[in-house]
Structures are given as structure tokens and as C-alpha cells.
Amino acid sequence: MREPLIFDQGRPGRRAPSQAPAVAAGTDDLPAALIRRTPPPLPEVSELQVVRHFTRLSQLNFSIDTHFYPLGSCTMKYNPRAANKLAMLPGFLDRHPLEPEAHAQGFLECLFDLQEMLKAATGMTGVSLTPMAGAQGEFSGVAMIRAYHQARGDTARDQIIVPDAAHGTNPATATMCGCDVVEIPTGPDGDVDLAALRQVVGPRTAGMMLTNPSTLGVFERQIAEIAEAVHGAGGLLYYDGANLNAILGRALPAAMGFDVVHINLHKTFSTPHGGGGPGAGIVAVNDRLEPFLPIPIVGRRDGAAGHAYRWLAEAERPQSIGRLSGFMGNAGVLLRAYVYMRLLGAEGMRRVSGYATLNANYLMKRLAAAGFTPAFSQRRASHEFIISLKDVTRDTGVSALDFAKALLDKGFHAPTTYFPMLVPECLLIEPTESEARQELDAFAQALIEIRDLAFKDAAEVKSAPRTLPVRRLDDVRAAKQLDLTWQSRADSPAVSPR
Amino acid sequence: MNNVPQQLQYTAEHEWVRREDDGTVVIGITDHAQQQLGELVYVELPEVGRALKAGDAMAVVESTKAASDVYAPLAGAVRAVNPALTAEPELVNTDPYGAGWLVRLQASDSQLTGLLDASAYTTLLDAAD
């Protein structure tokens, strides 16, 4: 089923007057040169056409609410309706970001408590909720590391060490913060090559960024030695919190020796993601870095009449790396994470990591028993694992990409493909704690059937997907000739207003 | 499966090096590397004149799967870069050892040391398989 663009569904003069504004906005006060000479080419459609169009578009999508979504590294777990409902209370929705603190005590209390819960979950002593997404959280973390060294007059430290298995965002962040990236290799068991690390640390080391468990789906067992090597050279250790959901309530980044953590609330704490946001990439730090946290932060003053909550900003935090947006983070996302954590409590959070790792290990064992090749079969998986389809590709020509497309036809969102690049023809599979065993069994069965078909009729697999609105997309052409803007024939540059 | 020409030299990071009669060296990525990446959509090349140390990241090759650094196999100054790759990065896929070359260097050292010959590189590819 192909859904035409809404612009192509209209007829001249068709209107939906019930949705029109009661009073037309005047244009008398606008400079004449800025006023359009021709009306904009808006779709001319009925109310029912609009409803059907957008309902159908929403049904074409793969989502957590409709499909198993084992997209490794992304943690596509269920977003509880309760978190949504409570974050949408009118007192939150109608709040103005500039209203006086005295009028926002309830909101500020929720955020203060969220800061405290995140300290408990990481073992850190300071938290800022300000970063608007994971990328901004990473940027804040490395900017704080730089600010720390600068404040001590230790100005030659301009290198950030990252393992070759790191998320691509880590070297990008280091570069954005003006640092050079030093890459170190991974050993055959998936742990960092400690000898290589010891060779590169030194007086230029600003810090090291590490994900633990790593993107390879295994826990870094030498974390204590790594922390010692980095700290011994005068650097700081950064925890990429992408995989915090694997250890939640069981191990603390602070206890592993990390100095700064960013957490994707939209992953571990189950706020909605996909569709590009909004996200929340909060940062947590130990006392070395606390003065440099991005502002504002929510503070609490304890008085005889109870607690008073207030914003801490430039006056209280003169060494802060500064502000990252006009106000503080994405308020609705922060509130959803707050409700999620309050619903679970400390015991519930332990169950999150327990079931996330149980589901991943169950699925890995099932697939291994069916003859698939886990990348690190000698290791226990964390919350996600990798299988390599290299042998199937060699024998049949059917690649990991073909498997991913064929899974769509079977009603499963594809796992992450070709990441990490260290493992050839790989699928990175993260079932999350949300899924029941029957769903995991059905997914394993689908992979087995696709592999059977690959040996019988490779061309059939390579022609997937067959049941979706579009077939194979030309991703090379999409990358080279990116075209994201619709333009009407009537509004082409030749006739557009000056 | 992999095309590894006898007359070239190689690195473990899948670059190839060809010595020219005028004393310069031409550098590209191997057939194995382009197969692993898939069709390239973008190639970033260094500025002409830039001085490189051995092991410096000198170029970036990007496909829909991944972006990878290409490292300088030896020290030298960049004499020229392949102008055709701006419009047609896929030349690296179709002709990795010819029209898909990346960089021409004036090597600082006339001896090409630390590189692999074709048989050593083939052994390395077989070991990884």
C-alpha cells in the first residue's frame, strides 16, 4: 500500500472550515516587502482526508507499540503509559518556564528528586539534567573534563582515548571539544587491550571514554586496571551510559572509577524515543567535576517551614561550563523518567537489569543452539549480543542486510546491522526486559526460517521486503543526493516571491 | 576472492602503496577494504602540501555502513589528491588500484619500510577469514 502525499490528495477549493481559526490574523503591521504575493500552496483537503492520511501513515510505521524492536544499542523498550499520563498533568503542561520559583515548587521538587535518584543509580555526587540529548550529554562530559584540567593550569592535556569498539559519537564528541582522538584496539575476548592503553596514556591524556558493558555486549572485566592506568597518567574516566540498563541497581559507575557519566534517559529510563527525539542526556559527576556541571541545576534549601526549591545558575556555579539551552532540558522527558523511576523503585530497577540480561542470554543461547555464531560465545552476554552471519554470507551470498530486510516481512523490526564494525556481517540484538519468552522464541524462529530460505532460494531473501509499502531503498543514492524538501510546481524558485 | 596485485605493498589497515618512477608514492585502499565498506558515498581527502607522519589519519572514506579513517602508511608531504573522487567516490569500489587512488605523497624516507608484500597481506586476510 502506497500512501500518496497529502498535497496530491486535494482538489482546488476543498476546505475543512471547522478547523480554521475563528478570526483571520491581520497582516497590516507587516512590512509590505515581506508579504507573499501568491498564497502558499497548502493542501486543499477535507477533515476526514486529513484524519485518514495521518492515521494510515502512523500504521505504516514500526514501533514498540506494534512490533518487537530488538535494535541493539538503542534500548527500544516499552514506554509505560503511566509515565505519559502523569507527565501530561495540566500543572506540568501549562507551566511557563519563566514563572517564579514560588509557583513551580512541585515541578522543581520532581526534578530535584530525579537528580537525587540519578546520583543513587550512578554513585556520583552531582547531577545536571540540562543536556537535551545523548550527544549534548557527551559534549558536556568532555567539556567538563577539559574545564577541570584548565582550572588546574594543566593545559597540555588535549587527547581523548577511545576503544575501537566505541560508539561513533565518542570520537565525534572529543573532536567537537577540541581534543585529538587516540584509538586503542580490542582484544580477542572483547575487553580493551590494556597493554595498548598503557602505551598511549601520558601527559597529553585528558581522559578516556568507555562504554561498560561495551558495544560488543560484554562487561569490561579489567575496568579497575583501566581506571588505574588513566588516573595514574592524570586523566579522567568518562562513562558512556548507553548501556547502563545492563547494570542498573547492581553496579555503580562511580565504584568502577568513573569520574563522569552521561545517561540517555530515553534508553535506560524508558522515555519515548525514535522519530528523532526529544531526548535527555543528563550528566552525573564526582566531586572533582561538580563545579563545572552545566546549569541550571535544581537546589533545595531546608528551612523551618519545609523545603524550598530553586534554580542554581551562574551566581552559585561560577565555574560551570555554561548553559546548553534557553531553560533546562526537555521538561516532559525528565518528568517521564522521574515517574518511571518512582514506579519501579530501587528493587524494580534491579529487576530491569536482571530481565534485560536474562532475555539477551536466553536469546543468544537459543540462536547458538540453532547453529548461529555469537561473536563472543565464550563470554556471557550483557543486555545485548552480536551474532555474525559471515558463514551464511560466504555460503549463500545472503548478507546481514538481507536478513534485516527479511525480518521486516516477518513482522519484526530489524536488529542493528554492521555495528560494531569489528564483527563482519553482524546483527547486534537487544531484546530488552520488556519482552516475554514467546516473543523471543518467535524471533529466533524467524531467523532460522530466513537462514533455511537463504540456502534454498537466496534470491528470494535478497528480494525482501515484499510486504511493505516500499521495497529495497537505494540508500547509496539517498546518501549522495539527499532531498528532504517538498516543493510544489507552483512554488518553484522561478515564481516564488522576492 | 580478494584481488591483491603482486607489485604493490600493503598495510595491516588495508591501504596499498605504489612507488612511482618520479620518487613519489601513490596510496589507496585495497579491494578487501572497499568490499567490507560497500559502495562509497563520500571521500574526504587531505590538503595538498600537508605534512603527514606515518600513522596519521589522512583521509576518510564513508559508505552507508560506516565512515573509516585512512592512515598514512609512511611519512611525507601530500603532492596531489584524486580530484575525480569528489564527484565519483564509487571509483574506489570499481577500480580500487587504479582510478580509485586517493593520495600521492612525496615520501620523507626513500626506503619504504614497515609495509607488507602481497603474500604477507594475503596471509593476513586469510587469517581474518
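Procedures and definitions
Residues numbered from 1 in each chain as written. Chains lettered and ligands numbered in written order. Predicted model: local features only at pLDDT ≥ 70, side-chain atom pairs only at ≥ 80, totals over all residues. Pairing = 2+ DSSP bridges. Helix = DSSP H or I, 4+ residues; strand = E, 2+ residues; numbered from the N terminus. Axes fitted to C-alpha atoms, helices over the stretch in contact; angles between N-to-C directions. Contact = placed C-beta atoms within 7 Å. Parallel < 35°, antiparallel > 145°, perpendicular 65-115°, else oblique. Left-handed = near helix turned anticlockwise from the far one by under 90°. Nonpolar A, V, L, I, M, F, W, Y, C, P; charged D, E, K, R; others polar. Expected span 1.5 Å × (residues − 1). Buried ≥ 20, exposed ≤ 12 C-beta atoms within 10 Å, placed from the backbone.

All names here are of chain A. The strand order across the open sheet formed by seven strands is E1-E7-E6-E5-E4-E2-E3, and the pairing between neighbours is mixed. The two strands at the open ends of the sheet, each matched to only one other strand, are strand E1 (126-128) and strand E3 (180-184). Each strand of the sheet is rotated relative to its neighbour by a mean of 20°, with strand direction disregarded. Pairing of strand E5 (residues 236-240) with strand E6 (residues 260-264) involves three bridges; the strand directions are parallel. In the strand pairing of E6, tyrosine 239 is matched with valine 261.

Note on sheets: strands pair through backbone hydrogen bonds, and any given pair is parallel or antiparallel. Residue and element names in this part refer to chain A. Within the open sheet, the four strands sit side by side as E10-E11-E13-E12. Their pairing is antiparallel. Edge positions in the open sheet fall to strand E10 (373-374) and strand E12 (416-417), since each of these has one partner strand only. Examined bridge by bridge, strand E11 (residues 385-388) and strand E13 (residues 426-429) share four bridges and lie antiparallel to one another. Paired with isoleucine 386 across the two strands is leucine 428, which belongs to E13. Running at roughly 15° to E11, helix H10 (residues 331-369) makes contact with E10, E11 and E13 of the sheet.

Here we come to the packing of helix H5 (residues 134-151) of chain A against helix H6 (residues 169-176) of chain A. Residue and element names in this part refer to chain A. At a closest axis distance of 9 Å, the pairing of H5 and H6 adopts a crossing angle of 50°. It follows that H5 is oblique to H6 by the angle criterion. Where H5 crosses over H6, the two elements pack in a sense that is right-handed. On the side of H5, the interface is formed by Ala135, Glu138, Phe139 and Val142, while H6 contributes Thr169, Asn170, Thr173, Ala174 and Met176. Of the residues assigned to the contact of H5 with H6, the class counts are five nonpolar, three polar and one charged.

Right, let's get into helix H4 (residues 105-122) of chain A. End to end, H4 of chain A covers 26 Å across 18 residues, agreeing with the expected 26 Å (1.5 Å per residue, within 8%). Positioned one or two residues after H4 of chain A, glycine 123 of chain A has a phi angle of 80°, which is positive.

With that out of the way, let us pick up the interface of chain A and chain B. If you look at the interface, chain A gives six residues, while chain B gives five residues. Its residues assigned to classes, the side of chain A that touches chain B comprises four nonpolar, no polar and two charged.

On to the packing of H4 of chain A against H10 of chain A. All names here are of chain A. The contact between H4 and H10 brings their axes to 10 Å, and the two run at 45°. Accordingly, the angle class assigned to the pair H4 and H10 is oblique. When you trace H4 past H10, the crossing you get is left-handed. Taken together, the residues of H10 that come into contact with H4 (itself represented by Cys110, Leu111, Asp113, Leu114, Met117 and Ala121) are Leu334, Leu335, Ala337, Tyr338, Met341 and Met349. Looking at the contact of H4 with H10 residue by residue, the classes come out as eleven nonpolar, no polar and one charged.

Bringing unusual backbone geometry into the picture now. Excluding glycine, residues mostly have negative phi values, and the peptide bonds linking residues are mostly trans. Residues and elements named next belong to chain A. Cis geometry marks the peptide bond from asparagine 212 to proline 213; its omega dihedral reads 0°. Examined against the element boundaries, proline 213 turns out to sit in the loop between strand E4 (205-211) and helix H8 (223-232). Backbone torsion omega between phenylalanine 419 and proline 420 reads -5°, so that peptide bond is classified as cis. At tyrosine 418, a position not held by glycine, the phi torsion is positive, near 55°. Classification of tyrosine 418 by C-beta neighbours within 10 Å gives buried; the count is 22.

No statement about biological role is implied by the geometric values presented.
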